[in-house]
Structures are given as structure tokens and as C-alpha cells.
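Now for the letters of each chain:
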Amino acid sequence: MIDKITSNGNTSSYESQKIEEFEKAPSYFSNSHVDQEDLENNNHIQDGTVRGLSARHIQMISLGGAIGTGLFLSSGSNVAEAGPAGALIAYCVVGFMVYCIMTCLGEMATFMPVSGSFNHYATRFVEPSLGFALGWNYWFSAVTIATELAAAATIIKFWKEVLPDAAWSTIFLVLTVAVNFLGVRIYGELEYWFAMIKIVIVIVFIIIGILVATGAVGGHTIGFEYWKNPGAFNNGVVGTISVLLAAGFSFQGTEIVGITAGEAKNPTKTVPRAIRNTFWRIIIFYVCTIFLIGLCIPHNNENLLNADGGPGTASFTLVFQLAGIEAGSHVINAIVLTSVLSALNSSMYTTSRTLMGLARDNNAPAFLGRVNKYGAPFWAVCFSSLVGFACVFASIYSAEQAFVWFLSITAVSGFISWAGIAAVHIRFRRAYIRQGRSIEDLPYKAFAYPFSGLFATILCILIILGQGYSAFSPQFDSISFVTSYIGIVPFFLCYIIHKLVTRKKLIPLEEVDFETGRVTRYDIEKDNEQDKTIPRWKRIIAWII
């Protein structure tokens, strides 16, 4: 028997008796609201799935999830909107919020690594209606499959128009569906290399940005010249708040680590490590990038706005040009294409696993929970892809307004999911303590409980409410108001309808199920033994990234 388990990312000593106590937690049947027959029918949350994601896959998926097209194409416009200092403050605040959310999710996902993730936790720890609403709210992001397909076709046209947009969309969709049919290992391998490409270009950008700012290349030393003239801030508090909202959208996707936990090989080790490194990723890939853009380019530079949304005037391209790299637009366009394909692949993965989790929680048709011999939920993949592809054709065939409404419905779904994760974690801890369980026995503990969860929940709600502020200024615009806030409606509709139909109540803290699907003493021992076999150089690399 082992003598140690991982706690809060550091190895801390425990007597073997502690692990025995962890294993001898109160029986599921002695305190749960679910009876024996229900458990036999619905206990197998992970049946048929394959734990095919290795430590390197989880690490790179979590890294890649934090780097998207928003960083490459929209970061410059955020600096233009709020000024270098305003944008930096906004990204620091939202980055800290995301870290808090990730530690909350990490504690639950390490203790109970199941597919369906946070919507399943809401069903188990709070009430089925909340799990139903959170799950379908997150699945509505299947519409983003359409945006990624359309974006990929548009990006290719930057070089040459070879095929119609619909043809490119069909090709990319077929390839993505095929990848998600072949099991999680293939998905993980693709995401590993997609993430690697994005990480390399960001590191290269940071090096070039430092050289430009210090005058090593580009002709003269810039330093903090542009912070003085035209200034560190732009548009005052309103500018910073607007970037706060934009930064939130840029960070969406980091929660995918919690979803992959159900198919990770050694979740008690890989998930905490990935969550731990979220903090450094945010600093390196977002805060440093925004800081360097603000140093190298004045916020009143018209090109910084990137009005056409293309790579030609993206902030990365502008900095490359200052360093004398004229091929920057082609490089950035290629990187953006890989980012879009990565986002498409991840959207298909997350929506299909969410559907599978909903089906196995009896919140969706049962057939959506079926998996093939590779452990992939093939019906859930098909359903998500059909919805996404239908939205593509809605935009192609002169239904652009309908497509805008589709996107508006999903625009705030990520923030609702984040608020749900943080709130559910608070409930998880309360129930865990109420049942007399020891916090020290958790394989991973969240940062600064309960303040991290409260901070994240409140800030997410404020962002949801504030993201439509433009509808009120300079005068009230009813169309803009509805477009901004319609995304809140599906969540409440799902919750209310499910509540009225099922009449299920809030689960008492004493009856919350902490047994089904949780890690066991054997899991912890096995993960620790596997971790000991990893060479020292690989551990160093894992610690760095």
C-alpha cells in the first residue's frame, strides 16, 4: 500500500490509514436518494468508454484549449479598445477567474472522473433539473461547429479560392466525424499536435515582441513609449469592461480538461497537473502576449482594430512586420486555420461527450449514450454534427439573420457553464463535509475555497448581465437587447420545463451520492505507481508546460 497521495499539486505525506478511510467512506446505499434498482440501471456512466488519453494528451489539450483564434485575431482590437494597461488589467482579472473555475472543476473531476463532467456533477450534487439545464445549455455550443466550418472555408480563401465554401465545410466535417468515430486516442493525438503548433507560434511571438520592444530588431527601443503617448488607457472604465467581456470569450474552452477526465488514463495525476499549470499558461500565453502587443503598437494604430477580422492586420502580423518578417500574414493565417480545425475537433468531442453524459443521466434519449468498439459515442457524434452542419447551410442559403440568432443563443452558454461549475463545487464541498468526510482525503483540493467559487460565480453572472451593455448606450436598442440576452433563455426554459415535468426536488446534503464513479484506493495506488515510472526529464517538461 502506498504512503502518499497527491494534494493540491504537491506531494504531502499521509499514513496508509488515511487511504483506508478514504476507501471506507459511507456506503452509497446507506445515504443516497437513489435506490438499488436505479443504480443497477444507471450506474455504468463509463461503460464502454476507453481511458485512452495519456498525460501528454491531457497536458496539451489543456494548453490548446487556452489558445484560440481570439488570441491571434482579436487581441489587438482589445488593446485598441481599452489601451495597453486597460487590456492587461482585464485579462488579468478574467484569467484569475478562469483559474478559480478550473481548480473548482479539478477537485470534482479528480475525485469523480466521469464523462458528462459538470452537468453530471450538477445532477448528482444539486438536483437533476440543474444538471439537465447545464448539460443542454453546454450542448447548444454545437452551433459553434457551424462557425468553425464556415471560418475554415473562409480562411483557405485567403490564399486561393479552389472549392466553394460548402464543399470545404463538408470535407472538414466528414474528417472531424471520422476522427471522433475512431476513439479518444486519435482525438488526443490530433489535439496534441494542433496545440504544439499554437504553442510554438506564441513562444516565437513573445521572443520577437521582446526583441522589438527592446530595440534589438525594428530600428529603435520602444520600451513604455506608447504607454505615455497616446496613453496607457483608452475609453476609460467602459473600455476596460468591454475587454473584460471579450477576454472571457477568449478563455472559453479551458473547461474541456474536466470533460476529458472521464477518458484519462490516470486522472488522479494528470488532471491536477493540467489544472495546476493553467495559472502559468494564462500568464505566459495571454497576459504576456497582451502586454507585448501594448508595448510594440500604440492603441491608436488603425490596423490594430483588425476591422476585416483577417490575418493581414492581426496584431501578431503587425509585430512580425515591425521585426521585418513580411510573411507574417501567411504564417498567422496558417496558424489560425489550425486553431479553427482544433476548435472544430474539440467542439465535436465536447458536445458528443456532453450528450452521452446527458443520456446516461436519463436527461436525453438513451440511444445517444451508446458507444462503438472504440469507446466513441457514435450516435451523439452524428447528432451533434448534423445540427452543426444544418446551421452551416442556414448561413449559406440567405438565412444570415437566423444564423446570427443561433450564435446569440450560444454566446453566453460558456459563462453559464462556468458559473454552474463554481456554484456546483460549493455545493459539492458542503455535502462532502456534511457527510463527515475528510477534506484531506480528496486527491486534489481547489484553491481558496469557498472564496474562489464565490468570486467566479459572481463575476460570471456580472459578465452575463453586462455583455449587452451596448444595447443601453447611447440609447436603448431593443434588437440589440434581445440579441445580447436571448442566450440566457434556453437555460431557464430547460430548467423550468424539466422541473415542472419531473417534479424532482433539491437533493439533501446528507443524501448526495459520493460513491458511484469516484476514484478508489486502487485507482490512487495505480496512478501513483505509473507516475513513478515516468522518467525525470519527462516530469521536468510536464512541470514546465
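Residues numbered from 1 in each chain as written. Predicted model: local features only at pLDDT ≥ 70, side-chain atom pairs only at ≥ 80, totals over all residues. Heavy atoms only, no water.

So, about the overall build of the chain. Across its full length, the chain carries 25 helices and 2 strands. Taken across its 545 residues, the chain has 56% of its residues classed as buried. In the chain, the proportion of contacts linking residues at least 24 apart, taken out of those at least 6 apart, comes to 80%. Here the chain has roughly 22,200 Å² of accessible surface; of this, 65% comes from carbon and sulfur atoms. (Helix = DSSP H or I, 4+ residues; strand = E, 2+ residues; numbered from the N terminus. Buried < 20%, exposed > 50% of the residue type's maximum accessible area, 1.4 Å probe, protein only. Contact = heavy atoms within 4.5 Å. Areas by Shrake-Rupley, 256 points an atom, 1.4 Å probe, with all protein chains shown as cover.)

What follows deals with the nonpolar core. Generally speaking, a soluble globular protein has its nonpolar side chains buried in company with each other. If you look at the biggest cluster of nonpolar residues, it comprises 144 residues, and the most contacted ones within it are Met97, Tyr121, Phe125, Trp418 and Val424. With 23 residues, the top contributor of residues to this core is helix 5 (residues 69-111). The residues touching Trp418, leaving out its near neighbours within four places in the chain, are Met97, Val98, Ile101, Gly248, Phe251, Gln252, Thr254, Glu255 and Cys460. (Core = buried A, V, L, I, M, F, W, Y, C linked by side-chain atoms within 4.5 Å.)

Here we take up unusual backbone geometry. Residue Pro230 is bonded to the preceding Asn229 through a cis peptide linkage, with omega at 20°. Take Pro230: it is sitting in helix 11 (residues 225-231). A cis amide bond links Tyr449 to the next residue, Pro450, at an omega of 0°. In this model, Asn235 sits at a positive phi of 65°, which is unusual for a non-glycine residue. Structurally, Asn235 can be placed in the loop between helix 11 and helix 12 (236-251).

A separate point is helix 6 (residues 117-125). Of all 9 residues making up helix 6, 9 are buried, and the element is well covered by its neighbours. Along helix 6, the residues classified as buried are Ser117, Phe118, Asn119, His120, Tyr121, Ala122, Thr123, Arg124 and Phe125. Summarising the contacts, the buried residues of helix 6 are in contact with helix 5, helix 7 (128-139), helix 13 (256-260), helix 17 (328-360) and helix 20 (413-434).

Glancing now at the environment of Leu386. Mapping Leu386 onto the fold places it in helix 18 (residues 378-396). By relative accessible area, Leu386 is classed as exposed at 59%.

Assignment of secondary structure puts His498 in helix 23 (residues 488-502). Judged by relative accessible area, His498 falls into the buried class, the value being 10%. There is a polar contact of 3.4 Å between the side chain of His498 and the side chain of Asn363. Apart from the residues within four sequence positions on either side, His498 is in contact with Pro128, Ser129, Phe132, Asn363 and Arg503. (Polar contact = N/O pair within 3.5 Å; in protein donor to acceptor, adjacent residues only side chain to side chain.)

This next bit is on the pattern of salt bridges. A complete count under the given rule lists 7 salt bridges for this structure. With its nearest N and O atoms 3.8 Å apart, the salt bridge here joins Glu440 to Lys445. On the accessibility criterion, Glu440 (36% relative accessible area) is partly exposed. Salt bridges sharing partners connect three or more residues here, namely Arg437, Glu515 and Arg518. (Salt bridge = Lys/Arg side-chain N within 4 Å of Asp/Glu carboxyl O.)

Here Thr520 lies in the loop between helix 23 and helix 24 (521-532). Taking the C-alpha atoms as reference, Thr520 lies 8.8 Å from Phe111; in sequence the two are 409 residues apart.

Scored by pLDDT, the chain comes out at a mean of 80, with 84% of its residues at no less than 70. With pLDDT under 50 throughout, residues 1-43 is counted as low confidence; its partners more than four residues away or in other chains account for 86 contacts. (pLDDT = per-residue confidence, 0-100.)

Following the sequence through the fold, Thr110 ends up in helix 5. Taking relative accessible area as the criterion, Thr110 reaches 0% and is therefore assigned buried. Reaching out from Thr110, the side chain makes a polar contact with the backbone oxygen of Gly106 at a distance of 2.6 Å. With sequence-adjacent residues up to four places away left out, Thr110 is seen in contact with Pro267, Thr268, Val271, Pro272, Pro443, Tyr444 and Val519.

Turning our eyes to something else, we now look at the packing of helix 7 against helix 20. Following both chains from N to C, one finds helix 7 and helix 20 inclined at 145°, their axes separated by 9 Å at the closest point. Once helix 7 is placed against helix 20, the crossing between them reads as left-handed. Facing Leu130, Leu134, Asn137 and Tyr138 of helix 7, the residues of helix 20 in contact are Ser413, Ile416, Ser417, Gly420 and Val424. Split by residue class, the contact of helix 7 with helix 20 holds 5 nonpolar, 4 polar and no charged. (Axes fitted to C-alpha atoms, helices over the stretch in contact; angles between N-to-C directions. Left-handed = near helix turned anticlockwise from the far one by under 90°. Nonpolar A, V, L, I, M, F, W, Y, C, P; charged D, E, K, R; others polar.)

The next subject is a nonpolar patch on the surface. Residues Ile89, Val93, Phe96, Phe233, Phe447 and Phe455 make up a contiguous nonpolar surface patch of roughly 490 Å² in combined accessible area. If you tally residues by element for the nonpolar patch, the top one is helix 5, at 3 residues. Take Val93: it is sitting in helix 5. (Patch = residues over 30% accessible without salt bridge, like charges linked within 9 Å, V, L, I, M, F, W, Y side chains within 5 Å.)

On to the packing of aromatic side chains, then. The description of two aromatic rings rests on the distance between their centres and on the angle between their planes. In the structure shown here, the tally under the stated rule is 38 aromatic pairs. Taking the centre distance of 6.0 Å and the plane angle of 90° together, the rings of Phe96 and Phe447 count as edge-to-face. In this pair, Phe96 sits in helix 5 while Phe447 sits in the loop between helix 20 and helix 21 (451-466), placing the two residues 351 residues apart along the sequence. Owing to a relative accessible area of 35%, Phe96 belongs among the partly exposed residues under this scheme. For the ring pair Phe481 and Tyr485, a centre distance of 5.1 Å and an interplane angle of 50° mean the geometry is tilted. Within this pair, Phe481 and its partner Tyr485 are both found in helix 22 (residues 478-485), separated by 4 residues, close to a single helical turn. (Phe/Tyr/Trp six-rings, centres within 6.5 Å; stacked < 30°, edge-to-face > 60°.)

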